[in-house]
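Results of the structural survey
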Amino acid sequence: MDLSTFLVILTIISVFIFDFTNGFHDSADMIATAIASRSMSVSVAIALVSTFTFLGPLIAGLAVADTIGTFVNISQATPLDSQALVIAALFSAITFNIITWRLGFPSSSSNSLAGGLVGAGLFIVGKNQINWGFSALAHGHIMGVSKVITGLFASPFLGFIIGFIVIKLILFIFKRFTIKIKPFFVASQYFSVAWLGFSHGANDAQNGMAIIGMMLLASHNTHAFTVPLWVVLLCATAITSGTMFGGWNIIKTVGFELFHVKLTTSVANQIGAALVNTLATSIGAPTSTSQVVTSTLLGNGAAENASHVNWMKAGKIVLSWFINVPASIMLGALYSFLLLKIFGVFS
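Every chain begins its residue count from 1, and numbering advances along the sequence as written. Thresholds applied to this predicted model are a pLDDT of at least 70 for local features of residues and 80 or more for the giving and counting of side-chain atom pairs; totals over whole chains, interfaces and linings are not thresholded and use all residues. The side-chain quantities take in all heavy atoms of the structure and omit both hydrogens and water.

**Concerning the side chain of Ser241**
Selection criterion: The numbering of helices and of strands both runs from the N terminus, where a helix is a DSSP run of H or I of at least 4 residues and a strand a run of E of at least 2. Here a polar contact is recorded for every N or O atom pair within 3.5 Å, except that within protein the pair must consist of a potential hydrogen donor and a potential acceptor, and residues adjacent in sequence are included only if both atoms are side-chain atoms. Two residues qualify as a contact provided that any one of their heavy atoms is within 4.5 Å of a heavy atom in the partner residue.
By the secondary structure assignment, Ser241 is in helix α10 (residues 229-243). Polar side-chain contacts of Ser241 include one of 2.7 Å to the backbone oxygen of Thr237. Apart from the residues lying within four places of it in its own chain, the contact partners of Ser241 are Phe16 and Phe20.

So, in structure tokens, the structure goes:
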């Protein structure tokens, strides 16, 4: 087996691990409010989210994968440099995922991967090979890094606003109803959890697809960036597998330590987060389901009773979001340096 083939296999295995940790991270966020509201059992919530997470990337198209997979131009680099770039970005995202999972913080796999790609891209191919999208932005078009930044940084703000509005609407519409309305909200939560799982799979699962697509291009297995069907199935399976083993540390943080979640809060949170994910996916912009769910919950809490929100805990989580991209950029550059050294020995 030559080095190039080995690196393709290594990337595929690493993407499976990355998507598994992505699902592990995000499933905890997606089911946290349903569990905290005590309206759905853990096993049912995970089964529902897992099923629709798998269906998401198979049905919703590959616009997000195209965005992630094409904002760094690797066509001018040598195959070995291109492969090092892809693997370095992937390793940086996996590293940050594992660190934040251990700390119990709902971090962003999408931010980690985007930062890793920028860091590795700057180190290996240089800033001119990165599609920053600034010139297109001046003409009213969003593409490249600008689209990634828009999706990843605008979505939490949008989540907060939509979360605020949705819970206000629910409380206003159902203010005259009695406890007898509870079965309606319990039933509606099955829909909202399913939608959130679908929107997660339709957006986040495409990150891994983009990486494999880039590696196939770097290894000259394809002549242009494309995502074969087997890659879609692999990534959907990986992120679904991770979803089935959601982390309790993150469930505890989101479901129990930010705001006292009631049934109406849970439904509003899931509807709001799913709506943000769906809007972003429709324009091919990546989001972080972790960040969207958390920010939407903060919007829910601010609308219900701002004084009951644990703003100190929320502040620590938001701080980790701002650290995410710079840390991933540095990790991407560091892994690039190490991989090029290692490849130089074996090539």
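Resuming the write-up.
**Topic: the environment of Gln270**
Note the threshold: Exposed residues in this analysis have more than 50% of their type's maximum accessible area, buried residues have under 20%, and partly exposed residues fall in between, with area computed by a 1.4 Å probe over protein chains only.
Locating Gln270 in the fold gives a position in helix α12 (residues 263-282). Relative accessible area serves as the criterion here: at 0%, Gln270 is assigned to the buried category. Taking the C-alpha atoms as reference points, Gln270 and Thr33, 237 residues apart in sequence, are found 8.1 Å from one another. Aside from chain neighbours lying at most four places away, what touches Gln270 is Met30, Thr33, Ala34, Gln189, Ser192, Val193 and Leu196.

**Looking at the pattern of salt bridges**
Cut-off, in case you're wondering: A pairing counts as a salt bridge when a side-chain nitrogen of Lys or Arg comes within 4 Å of a carboxyl oxygen of Asp or Glu.
All chains considered together, the criterion is met by one salt bridge. One salt bridge in this structure joins Glu304 and Lys262, with 2.6 Å as the shortest N-O distance. Placement of Glu304 in helix α13 (residues 289-305) and of Lys262 in the loop between α11 (248-256) and α12 is noted, with a sequence separation of 42 residues between them. Glu304 gets classed as partly exposed once you look at its relative accessible area, which sits at 21%. Judged by its relative accessible area of 36%, Lys262 falls in the partly exposed class.

**Things to note about the packing of aromatic side chains**
We count it as follows: Aromatic contacts are taken between Phe, Tyr and Trp rings whose centres are within 6.5 Å, Trp giving its six-membered ring; a plane angle under 30 degrees counts as stacked, one over 60 as edge-to-face, and the others as tilted.
Scanning the model with the defined rule gives eight aromatic pairs in all. Ring centres of Phe91 and Tyr335 lie 5.7 Å apart, and the angle between their planes is 80°; this geometry places the pair in the edge-to-face category. With Phe91 in helix α4 (residues 79-103) and Tyr335 in helix α14 (residues 311-346), the pair connects residues that are 244 residues apart, well separated along the chain. Ring geometry for Phe191 against Trp195: centres 6.0 Å apart, planes inclined by 40°, an arrangement best described as tilted. Taken as a pair, Phe191 and Trp195 lie in helix α8 (residues 182-203) at a separation of four residues, close to a single helical turn. You can call Phe191 exposed: its relative accessible area is 53%. Each residue in the set Phe174, Phe177, Phe184 and Phe185 is aromatic and connected to the rest through ring pairs, giving one cluster.

**Some points on the environment of Ala268**
Mapped onto the fold, Ala268 is located in helix α12. For the pair formed by Ala268 and Ala138, sequence separation is 130 residues and the distance between their alpha carbons is 36 Å. In contact with Ala268, not counting residues within four places along its chain, are Val166, Ile167, Ile170, Thr296 and Asn300.

**Brief notes about the confidence of the model for the chain**
Stated formally: Residue-level confidence of the predictor is what pLDDT reports, using numbers from 0 through 100.
In this model, the chain carries a mean pLDDT of 85, and residues with pLDDT of at least 70 account for 93%. The spread of mean pLDDT over the elements of the chain runs between α11, the lowest at 59, and α12, the highest at 92.

**Some words on the environment of Phe123**
Tracing the backbone through its elements, the reader meets Phe123 in helix α5 (residues 109-124). Relative accessible area serves as the criterion here: at 40%, Phe123 is assigned to the partly exposed category. As for Phe123 and Ala138, which are separated by 15 residues in sequence, their C-alpha atoms are 27 Å apart. Aside from chain neighbours lying at most four places away, what touches Phe123 is Ala333, Ser336, Phe337 and Leu340.

**What about the nonpolar core?**
In plain terms, the rule: Joining through side-chain atoms within 4.5 Å is the link that ties buried Ala, Val, Leu, Ile, Met, Phe, Trp, Tyr and Cys residues into a set, and such a set is a nonpolar core.
Membership of the largest hydrophobic core comes to 46 residues, with the highest contact counts inside it found for Ile68, Phe71, Leu85, Leu113, Leu117 and Met209. The residues touching Leu85, leaving out its near neighbours within four places in the chain, are Val72, Ile74, Leu117, Ala120, Gly121, Ile124, Val125 and Met214. Counting residues in each nonpolar core, the second largest holds 26 residues, with Ala45, Val49, Ala268 and Ala273 among its members.

**A closer look at the packing of helix α2 (residues 42-59) against α10**
Rule in force here: Working convention: axes come from line fits to C-alpha atoms, limited for helices to the stretch in contact. Angles between N-to-C directions cover 0 to 180 degrees. When describing relative orientation, an angle under 35 degrees is termed roughly parallel and one over 145 degrees roughly antiparallel, while 65 to 115 degrees is termed roughly perpendicular and anything else oblique. Take the far helix as your reference; a near helix turned counterclockwise from it by less than a right angle gives a left-handed crossing, and one turned clockwise gives a right-handed crossing. Amino acids are sorted into nonpolar (Ala, Val, Leu, Ile, Met, Phe, Trp, Tyr, Cys and Pro), charged (Asp, Glu, Lys and Arg) and polar (every other residue, Gly among them).
Orientation of α2 relative to α10, taken along the N-to-C sense of each, is 165°, at an axis distance of 9 Å. The angle between α2 and α10 places the two elements in the roughly antiparallel class. Along this stretch, α2 crosses α10, giving a crossing that reads as right-handed. On α10, the residues touching Ile46, Val49, Ser50, Thr53, Phe54, Pro57 and Leu58 of α2 are Val232, Leu233, Ala236, Thr237, Ile239, Thr240 and Thr243. Across the contact of α2 with α10, the residue classes tally to nine nonpolar, five polar and no charged.

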